[in-house]
Each structure stands twice: as structure tokens, then as C-alpha cells.
Amino acid sequence: HEQDPECRIALAICLGEVGAIDPNLLGGNIDSGSQTNRIGDNHEAWRLSEPPWKSQIHRYELALVTKHLVVALKAAPTTQDQHKIAFAIQEVLASLESHAKFSAEIRNSPNDDDDKDSNQHSPLAKSEKKLSLWLMNQLAQAGVLEVIEPFSVTNYKHQNIVSSKPPPFFANTSSYYAWLTSWCRHMIERSNENERSRWKTLFQSCRSAIRSASGTSVAEFLLPVLVLDSICFGDDEKTVVQEMRDVLSSCFCSDTNSQTTHQQNAANINLDNDERQKAVNAIFMVIDTLQIWADKETEERHRSKSKLSSSKGRSPKKSADHTTELNWPLDESIICITELLDKLDLPLLARAASFVGMHARSLRYMEMEARRRIADDVFNDDVETDVRMKDNENRGPGGSIAPLRAIDLGLIQTLLGQLNDFDALTAVAREYSRLGGRDLIDQVHEREVQGDWSGALQGYEQMLQMKRVNQSGLNGTRVEEQSLELQSGLLRSLLELGQLESVLNQVGGIFSQSKNNQNIYNRLSPSAAEAAWRLGRWSLLENLVKETVSFSALDEDGRYQLSLGKTMLGLHKCSEADATIALTEARTTAMASLSNVSRDSYTRAYPHLLKLHALREIECAIPILCTRVTTGISEGSSERELETATSFRESIIDSGNRSYGWSKRIELASPEVVGSTIILNTRLALSRFANAPEIEGETWLTIGKRARKQCLFHIAETALAHAAGAISSLPEKDRLRVVSIDHEIQMQLAKVKHATGESSAALMMLERDDCEVRKLLSLDAAKFKKQISPGVVREFTVKMFAKRVLKATEWMAESGLKGGSEVIHRFQLVIRLRPEWEKGNFALARYLDSMLEARISAGIEQFRVRGAGDDVDALRERALAMDTTCHRYLLDAMQAYSQALLHGDKHLFQALPRMLTIWFDLTSIDESTLDSEDLQAILLRSQEQANTQMRNYMKAISSYSFYSALPQLISRVSHQNIDTATIVKKILTRVLSRLSPQAMWPLAWLQNSTNDSRAEIGSDIFKSAMKHHAQQKNMKMHDLLNDSKGLFKFLIELAKYNPKKSSVRTFSVKPWRGTGSAQLIDFVPPIQAALGISRASSHRRGASQSGSGDRDYFPEFIPRMRSFSSQVQVMNSKARPKKITAFAVAPGHTLPVLSKNAESRLQPGDAGEMHFLIKQEAKGDLRKDARVQDLNSVINRLLGASRSGSHGRQRRRLQLRTFSVVCLSEDCGILEWVPNTDSLRNVVSMSYNPQADVHSSRRRGKRMTNFGDVSLRNNFQKCQDMYIKHGNLVKAGLMFEEECLKPYPPLLYWWFVQKFSDPHDWFEARTKFALSAAAWSAVGHVIGLGDRHSENILVDTSSGECVHVDFDCIFDKGLTLPRPEVIPFRLTQNMVDAFGPTGYEGTYRGGLTSAMTTLREHRETLLSVLEPFLKDPVINWKRQRSQQKQGSKSAFTGGESVEAKRSIKVIDGRLRGIYNLRNPNMKKIPRTDGVVDQEDEMSNILPLSVEGQVHRMISEATSHENLVQLYVGWMPWI
């Protein structure tokens, strides 16, 4: 029903109701790509896997009849069409029956005895027999038996009355269907006349079906095979090539640069864009199919080392005697396909794809053309060495091996802009400028796609002033067209900037100079119409609508703008009918635009969804607004206006459903102010119609907020001024109810002033009531309470006042205007005003914490002056122990943190880790180290107060909050302060009692610890939780905890078990079934989705007491584990981990009664499988992996909430793929299996370059990933020895390039092309790979993640996402390896190659910049999370494990404390912009190459900007001189 207008309108309403949800909120699995392809269907993958030489004709016949002919029959509009399809079904069934009769398998089947005596296979003779059992089964499995079976006894005949028309077909066609039918009929007739044609019977069977419009899919299905048949067996290759070129050239037949004859032949085509797009897409489908068939076969033949044969084809696996002659000649087919594709120029394909809106496909063709030009020089073995010496000179930006031509960069810029890849666009623009081909119009287009409308406006004005179009020498029509393009761009920029009067003035001037020029009117009137309705110029809008002669002459955007203007005009006139009709027109236009991009990504469709979002809100408002008072003053008119405004708010703004009104819908939309203007502008107009200044003011305020957050301060100031004006227009009696809006406007204006450097002005705006602040500060508690009582001042006034005081105080402290007790008193005033405000309490806690650190630092300096030593940790502990002021700050900070946690969870991941850290720091001080008894008494008293505070708050703070800090709490169960250890134990017991299904997994290792003390504590915690459940009569949870010990034991024993024979890859076990009443299905599976917490929108008070609120933080519907499989797989790695499978069922599933054997196999009622990796670490520590995954989860929250980006229109979808790591003991654990992943090494090994010579050793990646290649290892060792043994690093780097890089050129780019055949899937996968690699690079550098060899980096083969594993080598421990890992992250040549033509300069650099910006903006949050990690006394962050099994007192030695402090300092430096990754080789190895290697100490002190830091990181990661120093097993050449 794609073309059904009613269905399209209904779909538009549904999409508008859902709303334009921000793409970043939907995650990464929202781009369907090929699923919406017109030509491609759900069985395209089948066809790609079935080239004719590998298949049999009956397989194609089955696919044809079950998937296409049945659908065509049901869709046939007339009886004649039905007969055409029925004849095809009849003929295909006859052929299938023939196959069934003579197939060796069917002939030997006892079920077909009835058919053995029949020798007739014609449809005329089938009336006396039934279908064979084999065919009936095939049709029944496809669900079409009832539809198809009657045609086994029909007697249709076909008469060829009219012969097909001769070529060319496309040049004279009137529709896509007519062209496709004519071409296919011609090829079928030629095939029937050709004795060599293999599948002529199949084609002849369908000759009638393709003549029906409902049989279009049949023709599309056969088209690739028909083309292959024509070029292999016929003499029609020239005709086929010409036809394909005619279709492709029709897209730009009007191009004045076109000179080829086939474009002239196509110039008379009378097709609209939609029909032409279908034809072009059909040609691309044929090209893709043939290309994939040929490439895959070529590679498979190489792998199997089969020899080419020109006389024989490859026989199918199972062939009957009578079908041998139907086999296709393999070699001839591949040669013909190659010759055909060589005649279709890639630039021609790219331009055609671009014209019909297939931007990703066009970009891929352009890139492939750039790579084709360098294929011979880079990938062929016999190229002269001196030719390759020029390779570096010819490289593209960012290390790309395929430079782009200047002539192509303009088109590539346009394509990247359409695909919203602004980072790559910027890199291409820089390259364009370097090559000298970039002019002003290119710069303007770049600014437009980046959302820089001010810059675009300046560019358009400059071009118009220069009158450049008049100097081009083109004819008058072309000059006028270019002038209109510039004027349209100018108006577009003015509209985006909100300069509406300028739009009307500009259009009015042009119209007055060009009267009666309908072309100019059609191009410019839509912009004038939008400006008119936004300004309320209704008479002008009415004239514009009336003077539009034909909507069909407008483009889609113009039709939408004028239709929307007509809708607003109908609302102005209170004409519900006119408004509804115009709204339907606007929806129809928006859906037409959406259908053109629906095959692309969701991001491409998003602007059109914004239109549908806005139209739906208008539609909901029409019934109310069309009954309002519009003219005159009558009795009761003001009451009716108020009634309309009230009804408008209640029904539209709040939407009846309070959870999904206007405010919620705009929250879910993109936060970019420029992107959401479509929605906000319509809301402004609707608010004015409803005479609701309050709503109008709120909408302007929303615009102002969004603009401020994106640093668009000029737009923010304008919007906030409009908001203030709307509020001021309210009558005085109504001003009181909008005082909160007025306050927020002033707050936002102050923030704008502060952000633009006007700090004093911002403070003055907030401190208008400074005397009131001083007055309140001077009041005692009783007078203060009386002063702010509800009888004196409204509650919301108190909240607003507190908000202003808090923000002003933060700015004062930040700028140093005030400090110390004065600032603390102001923070305390905020809390006295709003005691339950989380933000106020957290702000006070942070300031007290900063005062604490400043006081400790001052104490350390004093001790140093007195000669107390240089041990920073000892001095810090001493300063904290002896200073009572430090004690006061610490206790007050703990109090404030606790209050913040009681009243919200927005700052949970900052407040709780820091509160626990300072608590543990204070109570871990041994009082015996103090000389004075008085000091000892003071310290003990302070420690007791800290413990008392925690004892009081541990029941008040939500158990969910403590669950988020379980690792930190578990690490302190053996704390040396007995009271502290007791409190920690009680907290853990409470968490396990409240959150038993989830908390039992992270607490497992404590119960199974090899340290007796910790194991006893863990056992006590489980027993106490079980006792709690027994008291609450919750025996289900009691039994679950009781049986968990058996489950943990089963998993630990499985992890430790190693088969005696190293060759064993699988073995059988008896699956765990439980020892008591609890079964496996009762356990929450140890996966990220089940154990990871997700912060709710707001924390409910009192939830912690009831426990009900804790469950809201975990997904309600998580699959459960029915049973483990009895088969265990042993993975092929040094640690030999085991992969186990659990069969998943839906929650609440009732277990069927199964036998023991059936229980451990997949059953029909199962929802699927879960896979886990169970391993025992001999040297590493899985607890490190678990802690890093916790850190990554926090970072993902920061990345998801961040709006940082180099462009206003782009929020990069940055995230780290995390997975669950559960430690079962110190050395054993269970890891969530990451599905659909393969190592970077294996992915490169599978890659091949189809443009390289088939016999070239450089064509395939298997050669460069073969670590067993002795010559490759020796070459690398020779390069490395040049530095290690001879000290010549410069020469070593050059040798590495010549010996290890040039002979092994990168191939990973082609893996993405071959893995993701659909261009949109390809572009999304490549983008996701670049962005995920960038995110991991940023995080890896900050936390010092090492050991990044090619097996520890995985690639998701279903999405392209980069996934890192194995986090044992962290916090710069890679620098301590025998061959130090001296690079910040892995960025080798294959990774750069996969990023595309801009290399690391495009999407990757943009993503890395955005990720580093986010991490640096949240420096304090990350440090508060990292500090407990590093101070964990249980985990030894060094590689040695000698102390892991010791007690807590000895585990965290003084040396490790220093190491932890050093790591924190290094990480803090990186988060400030300092590049402090020091290469230890520089001091150990003297250089002999004449380069003085003196590290610039200032570079390790002075911070860089984000851009400077990113540049340094990339330079170091790609430096050949650094890569040559790495361990050979790291394989830096990959």
C-alpha cells in the first residue's frame, strides 16, 4: 500500500504522534538501510549467495514461485493480469515436477511410487496426477501450498502475438515498469533463440508474468540472471552496456559538460524523479549482484587453490543427470562480468547515484575510483621501487593511501554534507583548499551543512555583491538560475537566523524588479510565506498563496512551506476546513520527501520527521483554535480568550497525558536549536493564536536555553528578549503566576553574560537582592524560619531565590571574588532555604571538599619546610590526622554528600565514591602514629563521628546507591578500623538483602575468596541476608542465596578444569540443576543488561525504606536461564577459557517436564541462547577488568549526556561497548560473551582488494597477519635492532616503512565494502567503527590502557563497532613491559585505512576531539570514580601477583600507595591537557643518529588545548619511530 494516499497520511499521523526522537537517544540499531530498498527484498541475501554456477535451476524456480509469483498473483488488479501470473506458475510447476521426477534423491524415495510410471511432463498432461511429495513439502514449508496447488492441473496457453520492441528501451520509455518489461522481454526472446542459453526454460516460463504490473518483482528478481545470460551466451553485450549507461546517464542529461553520445540518446526521457530513481536502483542492484558473485567466487577459488578452467563449470553439490547441461560455465561468467563492469565508469555510477539521492552509494563509488587509480602502484608485486617511493607524496589526508582528485572534492563535500558527516566534510574542505580548487560557493555550502548560518549569510551576500554569476559567460537562463540559487540560499540563511523582516524586504525588492517572472516567484515565495506567518503578516501571506499558480512547479520544500503557510492562514481565519485541507497537503509533501530518504539512515530522515512532528501538534490544536474569538470586543470576549488559552494549555500543552505533553516531546527531540526550529516556530504561532503569552514566553525560553547550551549566544539573547517581551505583555494581575518563568529568563540571561565574559554583569543580575542575602545570613534559626514561612513568601519564590544565590555563589568561588567561610555561609543559606535540594547540598559538599584538599596541601608544605621528608602519602596522612580544621571540613563534607544522596541521584557517581573515600581516609589513620595524647583523642573522636554519620545514613541512603559502589565497599571489608569494617559489612548485608538477585554476583568472589578472613566475612554477609529473608518469610530469596554457593562452585570448578589433551576443543559436563528448591531459572543471568544500573529520572524519597524503589533501577524484563548446555567449548588461547551456553526463556516462564538429555538442548519454547566465557587467570586479575567495566559504564553516561561537538548540528554517537565481568574468586570469573565479534587480526586476514591483480601477494590480508612468517618477523626485528642495538631511531623508522608497511599495504577498507554490501549499512558501519575507535582511544589514553595487540581489539561484524577486551595492563603498565608500549593507543595503518578517504583527519579526529572534550569537562567526576579504583587495597594494579592472597594490611603497601598517587596525578594531568606518556627507551638507549633526544620538560607541564592534545596523541600513535619500538607480537604493521 505504498502509494495508497490514505495509508501514507495515516502513517504520517503515526510518525507525528511518536515525534522526532533524537537519533542519539535511539542507540545505534536504527538504520535499516537495505530493509527499505525498493528493489531489494528480504531474500536478496539468498540471491547473492546463489550465483547460477553454484545453484540449480530448480532452486531459482522455487524461490520465484514461493516468494514472487504468489505475491504477484495476489496483487494482480485484473483477471487478465491474474491469467498472466497463473501461466507462469503453471510452467514453473511443470519444470519443478520434471526435476522431482528425475532427481536421483526423489527417484529413490518410497513416497513417489505413484509417479514412477509417468513419462509426461507437459502441463497438458498434469490433470491426471498430483504434485510430487517433495514439491508439496517445499510449497508447504513456504506456506503457499494452498495457493499454488490448483495450478498443477491448469491448462493455460501462451500466444506470442506481439514481439518485443528493439533497443534502446530507456530512451523511449514512459515509466519504470514499461522500461523494465521491455528490456526483460527482449532478453528473454534473445535467450530463447540462443542454443547456448542455459536457463531459457525458466525465462520462457515468466514471459507472461513480466508483462503484468503486479509482476514487476518477478522481472526484478530475474534481471541479474538475464543480464548474465545475455553477456555470457548471447551477442548482446553492447546492447546491455548501452542500456545500463542510458539509465545512469539520464540522471544528468541536462549537464552542459556532458559530451557522450549515450547521454544525448537519453535526453528525451519523460520520467519523473521517482520513476527514474527506481530504474537507477535496478541497475545498481544488477551491478552489486554481479560484482559480489564474481568477487566471492574469485576469492573462494583462491582459497581452495582450484585452477581456472575455460571448458567446465562447477557442478552443483547434487545434480541430476538431466540437468548437467544446465550448469553455467564458471570462468566464462567471471570474465564476462569483469568486462561488463569495467565498461561502467565509477564516476558515472557515482554521479547517477548522487542525482537520485543515493548519497552513500555515490560516496562509495567515488572512493573506489580513487583507490582504483593507485591499485597498480601500491598492490601489484611487479611495480618498480622508484614508483613506490612517491607513495608518501601522493597520500591523501590523515594517512589515507588513496588521494582524492581536486575535481571530485566538490561532489564529495556535497555527499558528506547530505550524510551529516561534518568532520569528514571539514577534512575534505581543508584538502580542497590545499589543492587550490575550493571557491566561495564551496565554503558557503560547507557552512550550511555545519549549521553556521551567519557564515553562510555572509558568503551569499559576498557572492551577490561580486555579481559572480554575471561573469561566468553562461547564457541568460543559466545566469538567472545561478542568481536564484544564491538568493534562495540567502533567504534560507536569514530564516534560520530569525531575521524575518529582512526576508520580506529582500523578496519584495526582487519581485518588484522581476514582475511576471513566474520562475523567480516560485523559487522565492515559499521563503516569504514562512517569514509572513511567523511575523503574523496575514494579508501578505494570503497574497503569496493566491499568486502561486501551480504547486507542482515548486520543489518539495517549497510545496511544504506554502502548504504550512496555508494551514496557518486557515487557523488565522478560524476555518477548520481550510486548515485541515492545507495540513493534509503539507503532510503529503513531507511524506514524499521522507520516502526519498527512507532507504537512508534515520539521521537522514530526521528533518522530515521534524515536519511531521510539528504538523501533528498543529492538527491537535486546530479544533480548539478555530473556535476562539478573533475580532471585535464583545461581552465576555476576554473570558472566552482566557477559556481558549486555558483549554489550549490543558489539552495541547499538557496533552491530557501529563507524561507526554509539549515539554516531554521537545525533550525527546534533538537538543540542537537549529534542528528543532521547525517545531518551536510552529509552537510560537499556535501560542499567539491561542492568545497565550505565557506559553509563547515558555517557548522562547526553550529556544534561548538550547541556544545558550550550544554557545549560540546571539540567538540566545534574541530569544530571551522575546521571552521577556511576551511575559511583560501579560496583565498585571496575571504576572504573579508567571514569576517563575520571568525568573528563569533572567537566570538564562545571566548565564549568557557569564559565558561571554561579562561576569560582573551576570553577578549583578543575580545579586539584585544582595541586601536580602546579608539580612538572611544574620538571622538566627527561629527568625529565619519565620521570615520564609508560607504566610510571608510563596514557596516558589524561595526556590527561585535559592537558585540565584547558589549560582552567584558558585561564580564567586570560581572567580575568587569570595572564599572561605563567606562562601560556605552562602551555601549554607541555600540549604536553609531548600533543605531537600540535592544540587545545593552537593555544591556545599564539593566546596568543603576543595577546602579540605587545600588545607591538607598547605599542611604538607609546612611539614616539608620543617624537614619532615618527601613521602607525600605520609605527609598527607599526618596533615589530615593533626589538623582539627581538616576534620571539621571532612565531617561537614560527608554530611553534605549524604544529604545530597538522600534527596537525589543526579550526582550519585560523584558524591558516593568521594564520600566513601574521605571516610576511609580518615578512619584508616592509626592514632598511634601521633605523639600527643590530645591529638590522638581528637583523631579518635573525629573517627567516631565519621563512623556515627555513616551508621546513621547507611539505612537512609538507597540501597541502589550503595549497589553502584559495591566494588569500593567490598575492597574495605577488612578495614583496620573495626567500627568502619563493621559498618561496611552491614551496608553490604543490606544491599544483598534488598537486591539479592543482582548483588549476589558481585559479592560472589568475597564468599569464595582464597583469603580466609575475607571468605568468612562473605559467608557472614550471605547468612545475614538469608536470615533477613527468612524473617520476612521470603523463602524464595532465602533459597536463591543458599543455592548460589553451589552455582558459584560449579562455575569455579569449570573454570579451573583443563582437559588432559591440549587438542580437546569440546567436552561434556553435567549441567548444574540446583541443590535445593531454587533452580537456574530463578537466577538473574550475569549480563550487563541485568546487572547494570540505569539512573532513574528522579529519586523518590522513602523508596529506600520500603525497598520498592530499588527495583525501578533494573530492567523488569530480562530473559532467564532455563538450563546450561552439557557441551562446553574450549577456546583456543593460552588461558584456555571455556565457552558455555545457557538456554534463555522469558521471565515467568513455566518450565516443562523434560528428560535430562532434552533439558540440556535447545527446546521449542526457548527464547534463544546466552553465551558466557568462564576463565581462570594465571597471571592477570579479572577484578581489574570488572572495575574498568564499571568505569566505562560511568563514561558512557557522560558521553551520552554530553552535547560537545565541533559543529552545532552534530552530536556524535560515542559510546564504549561494555560487557559484564563477574569475579567468582580472586582468579576465576564469568564474562558475558560479546556476540558477532572477531579480532582485528582475523578481520584483516579476511580482507582482500578486488581491484588488485588476482595473483598479487598484496591482494589479500592473510599474508600480513601470518605471524608464522619468519621473513616478516625477521624484517621487523632488523628494523627494531637498528634502534635497540645501534641507536639510529630515524633510520629504524624509515626501514620499518620500507620493509614492513609498503610491502603490506592496508586492506581493512575493503572488508567494510564486502561485509556491508548495502551502501547505507556500509557508511553507518564505517562511521561506527571510526567513532567507537575514537572513544576507546580517548579513554585508553587517559587511563593508560596497554597491551593493545590485534587480538585484544575486536570488531562487531554486524555493526562495525570496535570493542576492546583484556584490561589487565592498565595505568601505564604497558610502559614497564620488556618492549614498552610507547604509543597512547593503537592507530595502525589498517585502522586508518578503514576510516575512509580522510583517514584519521575526518570522523575519527572529530570523535576523538569530542570524547576528550567530554572527559576533560568531567575531570572531577572521573577522578572521583578512579581514585577508589587505584586505592583499592585488594587489587594489585602492578603485574606481580605476589601479594594478592595476603591480608588487606599488607596488600596495599607504601610503594603501591605511591604508585596509586602517581597514577592519579598522571590521569589528572591528561584530563587537564598534558601529554605525559614518557618513553622509557629514551633514557635507556643512547641515540647515534645525530638527533638530540631531550624530552621537553615543559611539554609535560603545560596543558594543551583539546585540539592540540588530540593532534599530539594522533602524531605519537602513528609515528613510525614509535611503532618500530613495540613488541613484534603486537604486529604494528597490521
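All values derive from a computational prediction rather than experimental measurement.

What counts, and where the lines are drawn
Residues numbered from 1 in each chain as written. Predicted model: local features only at pLDDT ≥ 70, side-chain atom pairs only at ≥ 80, totals over all residues. Heavy atoms only, no water. Helix = DSSP H or I, 4+ residues; strand = E, 2+ residues; numbered from the N terminus. Buried < 20%, exposed > 50% of the residue type's maximum accessible area, 1.4 Å probe, protein only. Contact = heavy atoms within 4.5 Å. Areas by Shrake-Rupley, 256 points an atom, 1.4 Å probe, with all protein chains shown as cover. Pairing = 2+ DSSP bridges. Axes fitted to C-alpha atoms, helices over the stretch in contact; angles between N-to-C directions. Left-handed = near helix turned anticlockwise from the far one by under 90°. Nonpolar A, V, L, I, M, F, W, Y, C, P; charged D, E, K, R; others polar. Salt bridge = Lys/Arg side-chain N within 4 Å of Asp/Glu carboxyl O.

Asks: An account of the overall build of the protein chain is requested, with residue identities and associated values reported.
Replies: Within the protein chain, the secondary structure is distributed over 68 helices and ten strands. In the protein chain, buried positions account for 57% of the 1534 residues. Considering only contacts in the protein chain between residues 6 or more positions apart, those separated by 24 or more positions represent 75%. Surface exposure of the protein chain reaches about 65600 Å², of which carbon and sulfur atoms provide 50%.

Asks: I'd like a description of the sheet that holds strand S10 (residues 1362–1364), backed by residues and values.
Replies: Strands in a sheet are paired, the pairing made by backbone hydrogen bonds, and the direction either parallel or antiparallel. Pairing in this open sheet of three strands is antiparallel, and the strands run S8-S9-S10 from one edge to the other. Edge positions in the open sheet fall to strand S8 (1237–1239) and S10, since each of these has one partner strand only. Sheet twist, expressed as the mean angle between neighbouring strand axes with direction ignored, is 35°. Judged from the three bridges that link them, strand S9 (residues 1353–1356) and S10 form a sheet pairing that is antiparallel. In the sheet register, Leu1354 faces S10, and the bridge partner there is Val1363. Lying over the sheet, helix H60 (residues 1319–1343) contacts S9 and S10, oriented at roughly 30° with respect to S10.

Asks: Summarise the packing of helix H23 (residues 500–513) against helix H24 (residues 518–535); cite the residues concerned and give the values.
Replies: Where H23 contacts H24, the two axes come as close as 9 Å, and the packing angle between them is 150°. Between H23 and H24 lies a crossing of left-handed hand. On H24, the residues that touch Leu500, Glu501, Val503, Leu504, Val507, Ile510 and Phe511 of H23 are Ile520, Tyr521, Leu524, Ser525, Ser527, Ala528, Ala531, Ala532, Arg534 and Leu535. Split by residue class, the contact of H23 with H24 holds 13 nonpolar, two polar and two charged.

Asks: I'd like to hear about the pattern of salt bridges, residue by residue, with values.
Replies: One pass over the structure, following the stated rule, counts 62 salt bridges. Across the salt bridge formed by Asp331 and Arg301, the nearest N and O atoms sit 3.0 Å from each other. Here Asp331, found in helix H14 (residues 330–342), pairs with Arg301, found in helix H13 (residues 273–304); they are 30 residues apart in sequence, far enough to count as distant. As far as the burial class goes, Asp331 and Arg301 line up, both buried. Between Glu744 and Lys705 there is a salt bridge; the shortest N-O distance is 3.7 Å. Here Lys705 lies in helix H32 (residues 693–709) and Glu744 lies in helix H34 (residues 739–755), a separation of 39 residues in the sequence. For Glu744, a relative accessible area of 9% translates into the label buried.

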